[in-house]
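Each chain, written out:
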Amino acid sequence: MCGIIGYIGKNVEENLFEGLKRLEYRGYDSAGMTVMRNGNFDTYKSVGEVDNLKAKLKFNEEFGYGIAHTRWATHGKITIENCHPHFSSNGNIAIVHNGIIDNFEDLKIQLQAKDKCFVSQTDSEVVAKLLDKLNVNNLRRVLKQIKGSYALVLLSKEKDCLYFAKNKSPLYVGKGDDCVMVASDPSCFAGKIDRYYQLKDGEYGKISLKSLVFYDKNDEIIEKTQESLDFNFISEDKSGYDHFMIKEIYQSRIALENIIAKFQTPELESKLKELKKLMFDRIYLVGCGTAYHAGLIGQSYIRAECNIDTFCEVASEFKEKNFVIDENSLCIFISQSGETADTLSALEYCKQKNAHIIAITNTEYSTIAKKADINFPTCAGQEKAVASTKAYFAQCVMLYLIISYLKGKNNVEKLKLFKNQIDFGDDKALKNLAEIVSKYDKIFFIGRGIDYITAEEASLKLKEITYIFSSALPSGELKHGTLALVDESVLVIVIATDEKLFNKTLNNAYEIKSRGGKLVLFTQLNVDREVAKNFEMVFKVGLTQQDFYPMQIILPLQKLAYFTAVKKGINPDKPRNLAKSVTVE
Ligand code: F6R
């Protein structure tokens, strides 16, 4: 949800542009940059992807100061006027902002009464219009006036430093020998700065080449400790694939190898031992979107293995459900980015209730990872494509291993076997199917038991990158309403991996066929010829151990969504209206 970056050093435009490319997963509605040299601002703005900005930039190797922004629109349309940076009324101060200023409307009315003119419809512009001169006192005054979430970087024509502030949106500060950076994500520092400071809520400060000062929320100067950057995590290129999404689907196997290796480290063992010592009588799993679906898979593993009340809920609804949460609760938060605002907010709610907090994240330096009592890293490596693929696979594997461990089982050997059995599905068959799918404008996914969870995930993947309407249902539910929508214009993808539920699922599929709907089957079971005749296509994956059916069957379904997007001419890495790290509630 918007990426921001500040830089001091040589080659400002180039370094900010590179940073924006790394932050593009946070939004790509528009991009902007302001560079200051000799007391003058040069500003560049463009609508759409960060690459559109490149043509406008006047690259300059000389030393300078700059800030830049890549936007995911929350307030105001996708226009040049709404592009960041925004400016103070006298034009001397430029700001970039990630987050939402909740009281911006009140502030805007007050500022307009003082004859301040606004050029954008954004909430962010009020921050700039509250300033005429930039110094620590004025920044502090502004921070006391604004409410909501913000990561801010501010630049003044009159200063040889950058100012920054953070509340509820991530912000990192890095200082090298000949440059400094402030950014929404430390991956921007890669190749330039190898150590960074992570800001906490309420912290702010200023940085130049010579000095760095941090203040805490009580306005006291504080010392902070640096952390080192894990370069291995950062994914820079497509390695010969056409898109990051397909590369990342295939990286699921590497994620699995990484998890197996991690599981054998003393560090992870001590986390598991710590977890085993905890006393709890209820488990909650919480996440958004794909991470929520991984939570549902975890819930079904726990229910199958442990005699303990377990609930899985989407993070944005979690606080509304009045769950019983206390010191006897174990709350597991699942997040690829580790920055999702809804998940973070649910985590803080559980923390206040003294629950034990576990995180499963793909980003060890993230806020969710840091706020948890124990963080289990999913070791999948950075995901660049907006649609989560290898992280989902890794989240399911990590949940599986943790739950096995709690039950006293060491299933690492089983996973090693699975690693060699993984079947990503035949490209030719999937491309043919994608051709069929791309012609429909309504698709249902159905399944029973754990296959229904896969149906939900497959449906989410398809809709988010192909823009085809799709919906998932437990197969038994169709006849309770949705069957009314079924006619020859509907394609239903049936997921059936569980042998004991297979015949029941088939019966539901035939109810669709009787009403003209077309069927496709995804399974690893043998299907006899008479049964196969009912389907446009039977897509069969290789046999694995039952524990891993959900992780196996999702892979060709992810690829189906990918090939369908490509077929429709959509860039699957950057679907419209979405961003990868959702830092607003
Ligand atoms: C879908 C997808 C999203 C995310 C969701 C949570 O492909 O990527 O549904 O899963 O926004 O994000 P994280 O896992 O970063 O908390």
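Quick caveat, the model's predicted, so the values are computed rather than measured. (Residues numbered from 1 in each chain as written. Predicted model: local features only at pLDDT ≥ 70, side-chain atom pairs only at ≥ 80, totals over all residues. Heavy atoms only, no water.)

Peer 1: Looking at this structure, how should I read the nonpolar core?
Peer 2: Nonpolar side chains tend toward joint burial in soluble globular proteins. Counting residues in hydrophobic clusters, the biggest one holds 87 residues, and the most contacted among them are Phe-376, Phe-445 and Phe-522. Element by element, the count of residues in this core is highest for helix H13 (residues 390–406), at 12 residues. Composition of this core by domain shows at least three residues from each of domain 2 (244–421) and domain 3 (427–567). If we ignore the near neighbours within four places in the chain, the residues touching Phe-445 are Ala-455, Ala-458, Ser-459, Leu-462, Ser-470, Ser-471, Ala-472, Leu-473, Ile-493, Ile-495 and Leu-557. (Core = buried A, V, L, I, M, F, W, Y, C linked by side-chain atoms within 4.5 Å. Buried < 20%, exposed > 50% of the residue type's maximum accessible area, 1.4 Å probe, protein only. Helix = DSSP H or I, 4+ residues; strand = E, 2+ residues; numbered from the N terminus. Domains from an automatic or database assignment. Contact = heavy atoms within 4.5 Å.)

Peer 1: Which parts of the structure should I look at to understand the environment of Leu-152?
Peer 2: Tracing the chain through its elements places Leu-152 in strand E7 (residues 148–156). Apart from residues no more than four positions distant in its own chain, Leu-152 is found in contact with Ile-4, Ile-95, Val-96, His-97, Val-127, Leu-143, Ile-146, Tyr-163, Phe-164, Ala-165 and Leu-171.

Peer 1: Looking at this model, I keep getting lost on the site of the ligand. Mind explaining?
Peer 2: With respect to spatial proximity, 14 residues lie near the ligand, and among them Ser-335, Gln-336, Ser-337, Thr-340 and Glu-464 are the closest. Between the ligand and Cys-288, the relevant distance is 3.5 Å, taken from an oxygen atom to a main-chain nitrogen or oxygen of the residue. In the model, an oxygen atom of the ligand is placed 3.2 Å from a nitrogen or oxygen of the Thr-290 main chain. Across the complex, the protein chains shield 89% of the 400 Å² of accessible surface that the ligand would expose by itself. Put simply, the parts of the chain that give the shell around the ligand at least two residues each are helix H9 (289–305) and helix H16 (450–466). Broken down by class, the residue content of the shell around the ligand amounts to five nonpolar, seven polar and two charged. Split by domain, the shell around the ligand shows at least three residues from each of two domains, domain 2 (244–421) and domain 3 (427–567). (Near = heavy atom within 4 Å. Polar contact = N/O pair within 3.5 Å; in protein donor to acceptor, adjacent residues only side chain to side chain. Areas by Shrake-Rupley, 256 points an atom, 1.4 Å probe, with all protein chains shown as cover. Nonpolar A, V, L, I, M, F, W, Y, C, P; charged D, E, K, R; others polar.)

Peer 1: Please clarify how the domain arrangement of the protein chain should be interpreted in this entry.
Peer 2: Reports of interface size often rely on the accessible area that becomes lost once the parts have come together. Under the domain assignment, the protein chain is made up of domain 1 (3–229), domain 2 (244–421) and domain 3 (427–567). Between the C-alpha centres of domain 1 and domain 2 there is a distance of 33 Å. Between domain 1 and domain 2, the contact holds 13 residues from the first and nine residues from the second. Between domain 1 and domain 2, a total of about 820 Å² is buried, with carbon and sulfur atoms accounting for 43% of that surface. Inspection of the domain 1/domain 2 interface yields one salt bridge. Glu-227 is the salt-bridge partner of Lys-370, the closest N and O atoms lying 2.9 Å from each other. Here domain 1 and domain 2 share six residue pairs in polar contact (both at pLDDT 80 or more) between them. Put simply, the parts of the chain that give the side of domain 1 that touches domain 2 at least two residues each are helix H1 (12–23) and strand E11 (195–198). Grouping the constituent residues of the side of domain 1 that touches domain 2 by class yields six nonpolar, two polar and five charged. (Buried area = accessible area lost by both parts, 1.4 Å probe. Salt bridge = Lys/Arg side-chain N within 4 Å of Asp/Glu carboxyl O.)

Peer 1: Could you clarify how one ought to interpret the sheet that holds strand E24 (residues 518–523) in this entry?
Peer 2: Sheet strands line up and pair through hydrogen bonds in the backbone, either parallel or antiparallel. The five strands lie next to each other as E22-E21-E23-E24-E25, forming an open sheet whose pairing is parallel. Only two strands of the sheet have a single neighbouring strand rather than two, namely strand E22 (469–474) and strand E25 (537–540). Here the strands of the sheet are splayed against their neighbours by 20° on average, with no regard to which way each runs. Pairing of strand E21 (residues 442–447) with E22 involves six bridges; the strand directions are parallel. Note on E22: the bridge partner recorded for Ile-443 is Ser-470. Packed onto the sheet, H16 meets E21, E22 and strand E23 (491–495) and runs at close to 175° relative to E22. (Pairing = 2+ DSSP bridges. Axes fitted to C-alpha atoms, helices over the stretch in contact; angles between N-to-C directions.)

Peer 1: What should I look at first to understand unusual backbone geometry in this one?
Peer 2: Outside of glycine, negative phi angles account for most residues, and trans bonds account for most peptide bonds. The peptide bond linking His-84 to Pro-85 adopts the cis configuration, its omega dihedral lying at -5°. With respect to the secondary-structure elements, Pro-85 resides in the loop between strand E4 (64–71) and strand E5 (86–87). Positive phi values are uncommon outside glycine, yet Asn-322 reaches one of about 50°. The topology assignment puts Asn-322 in the loop between helix H10 (315–318) and strand E18 (329–335). In this model, Tyr-467 sits at a positive phi of 65°, which is unusual for a non-glycine residue. Structurally, Tyr-467 can be placed in the loop between H16 and E22. Among the residues examined, Tyr-467 registers a relative accessible area of 29% and is labelled partly exposed.

Peer 1: Where do I start with the sheet that holds strand E2 (residues 30–37) in this structure?
Peer 2: The eight strands lie next to each other as E3-E2-E4-E1-E10-E9-E11-E15, forming an open sheet whose pairing is antiparallel. Strand pairing shows two members of the sheet lacking a second neighbour, strand E3 (40–47) and strand E15 (227–228), which therefore form its edges. With four bridges connecting them, strand E1 (residues 3–9) and strand E10 (residues 180–183) associate as antiparallel partners. Bridge pairing in E10 places Tyr-7 opposite Met-181. Against the sheet, H1 engages E1, E2, E3 and E4, with an angle of about 155° to E1.

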